[in-house]
Each structure stands twice: as structure tokens, then as C-alpha cells.
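What follows is the residue order along each chain.
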Amino acid sequence: MNELIKAINELKKEKNAAILGHYYQKGEIQDIADFVGDSLALAQWAAKTEADIIVMCGVHFMGETAKILCPEKKVLVPDMNAGCSLADSCPADKFAQFVKEHPGYTVISYVNTTAAVKAVTDVVVTSTNAKQIVESFPKDEKIIFGPDRNLGNYINSITNRQMLLWDGACHVHEQFSVEKILELKTKYPDAIILAHPECKSTVLKLADVVGSTAALLKYAVNSSEQRFIVATESGILHEMQKKCPEKTFIPAPPNDSTCACNECSFMRLNTLEKLYECLKNESPEILVDKEVADKAVRPIRRMLEISE
Ligand code: 13P
Ligand code: SF4
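Residues numbered from 1 in each chain as written. Chains lettered and ligands numbered in written order. Predicted model: local features only at pLDDT ≥ 70, side-chain atom pairs only at ≥ 80, totals over all residues.

1. Let's talk about the sheet that holds strand E5 (residues 106–110)
In a beta sheet, neighbouring strands pair by backbone hydrogen bonds and run either parallel or antiparallel.
Okay, so step 1: With parallel pairing, four strands are arranged side by side in an open sheet as E6-E5-E7-E8. The sheet is open, and its two borders are formed by strand E6 (123–125) and strand E8 (164–165), each paired with just one other strand.
Okay, so step 2: Bridge count for E5 against strand E7 (residues 143–146) is four bridges, and the pairing is parallel. Paired with Val-107 across the strands is Ile-144, a residue of E7. (Pairing = 2+ DSSP bridges. Helix = DSSP H or I, 4+ residues; strand = E, 2+ residues; numbered from the N terminus.)

2. Here's the deal with the site of ligand 1
Okay, so step 1: In the region of ligand 1, the neighbouring residues are Asp-38, Ser-39, Asn-112, Thr-126, Ser-127, Thr-128, Cys-170, Glu-198, Ser-212 and Thr-213.
Okay, so step 2: For the shell around ligand 1, the residue count by class is one nonpolar, seven polar and two charged.
Okay, so step 3: When residues are assigned to domains, the shell around ligand 1 turns out to be shared by domain 2 (86–170 + 295–306) and domain 3 (173–251), each giving three or more. (Near = placed C-beta within 6 Å. Nonpolar A, V, L, I, M, F, W, Y, C, P; charged D, E, K, R; others polar. Domains from an automatic or database assignment.)

3. Digging into the domain arrangement of the chain
Okay, so step 1: For the chain, the assigned domains read domain 1 (2–81 + 267–289), domain 2 (86–170 + 295–306) and domain 3 (173–251).
Okay, so step 2: Between domain 2 and domain 3, the C-alpha centre-to-centre distance is 26 Å.
Okay, so step 3: Residue-level contacts link 10 residues of domain 2 with 13 residues of domain 3.
Okay, so step 4: Each residue belonging to the side of domain 2 that touches domain 3 can be placed in one class, and the counts come to four nonpolar, five polar and one charged. (Contact = placed C-beta atoms within 7 Å.)

Structure follows, in C-alpha cells:
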């Protein structure tokens, strides 16, 4: 393992590459990354890096976002099959048709979408800035929000809006069990429940804190509480535990206790071995059709400007 880490670091230096890792990556990938963050921070970091090569250890849409922001750079991903069930729940042709059927609507899309969906979007959001960006529009603005219905419902509820929602969801966040979280809460009444807004509203109702991965991490670090039940992909526990070794973090259990369904199977496709191979071979590389990228860059840049 140490040899592999050494070889990755050597290749990285030789090729002036930067490794970006999402909080849902395996711990060993988070540990070797130059920068670990949520999807907003990864996009912000990609937009300003001076590296020649970006290795995006996350999922495909994160690599695409980096490539759209830095078309002159080589953007690599350790495994091209690292997709996203939420992005898949919003096929670009169907979404474009939906947009066409609703003239006069502003289109707000979650970053967990393909470049083709972003190309028919007015402004992109992440879970960190969704509330701020929605509230930057007048109260009576007609808005389409896609693709995550849970995040959309949550933002509707906290901003008192009636955005029109696309009916998509993430297979990891949808399956947290209310009953099992309540069982844990009975066992540990002092525990604070942290939940990502992609969870179902029944789970969000139980939560003490709802926020993006970065927001949940920040809360855990700054809180004087000692025990937390965490309803999001369990990779975030690595950084939480690293930053707060004295606190206890309990992953919220999925409905089906026989599977590790609170892990994103796509995120977990990335391994140190694949990271090494990808740096060595400079492949797989993310490429985005120029016409699509030229349209998709505008709503991404608009998001970055609003969230500066
Ligand atoms: P964040 O925006 O919190 O990083 O979430 C990304 C994601 O894929 C959630 O499932
Ligand atoms: Fe997509 Fe869900 Fe995995 Fe996030 S956790 S990358 S939304 S499938």
C-alpha cells in the first residue's frame, strides 16, 4: 500500500496533476487527495487550480463539471463507470422536453446532472448553495427545479416556494429507514441527527440539522455535542472522525440491513490501484462535446459567481 501511495505521489508531481476527492470516497483516497470537499468546493477548486491534469475522485458529473470549467486541462477519472443514480434519473432529452413544455420558467438544476441537462439550465446549484440561489430570484419567479425531488421539496419548504419539481432521486439517500433511525435515537437519546437534503422528507423531519456534506461536517466540528447519527453516504464519517477524534459518529442504517446501501456504489468504484493506473496512462479522460460545454458553462459559472 505504501509503495502504491509513493508511486501515485511521484506521478502526480512529475505530471503536475492535482487529485480532488469527494467526501464520499474511500478513506484512503480522501487521504491521498490534494483537496477533499463537497461538490461545490470541488467545482470551485477545479475552476482555479494551476495543475495541468485534474484527477477527479468522485463521480462522472463531477469530472464533467471540472472539464467544462477548464476545457484546456486534462480531466481524468479513475473509473469511467462511476456514474450517479440521481443524474441517471434525469435523461437530457426528457428534461429538455419538460423545459420546452413550460415556457417562462427559470430552470434551476442540481449539479448532479449530465452536461446535456446543464446545457438547458439557467443556473446550477449544489446542496450547499441551493437555498441562497433560489432566494436570489423574486418570490413570484416561476421555477423548474431538477432533478432531486427531495432536495426540491426541502428547498420549497424552507423558502416558501412552489417550484415545479422533476421526479428524480438518489438511490443511497432514498433508502434511509425512519424506524431504524428512531431505534438508534432511543438507544442514544443524546445523539444529534444530521441529514443530507437528498433524504426523504420523513427522514428530514427527524433531523436536528439538514445540510450538504460540508455543512454537516462543519456543524459536527463546531458543535459541543458528542454523538451524531449521520444520514448521508457513510464516506463522510472518515473526515468527521478525522476532524473530531473524540466524538462518536454513527452511520444511519439503510432499510435493508444485509447490504451496505449507505455507501454509494458508484463513488466506491474508485480505488488507489485505479487512481495509479489512471495517472500513469492519463486515461480514462473526460471529454465533453464543445457545443454542449459552451452552453453548460454559463449556468455553472453563474452558480460560482453567486456563491463566491
Ligand atoms: P454534496 O453537494 O453535499 O457534496 O453532495 C453530493 C452528492 O452526490 C450527494 O449525494
Ligand atoms: Fe449520485 Fe447518490 Fe452517489 Fe451522490 S450518493 S453520487 S447523488 S448516487
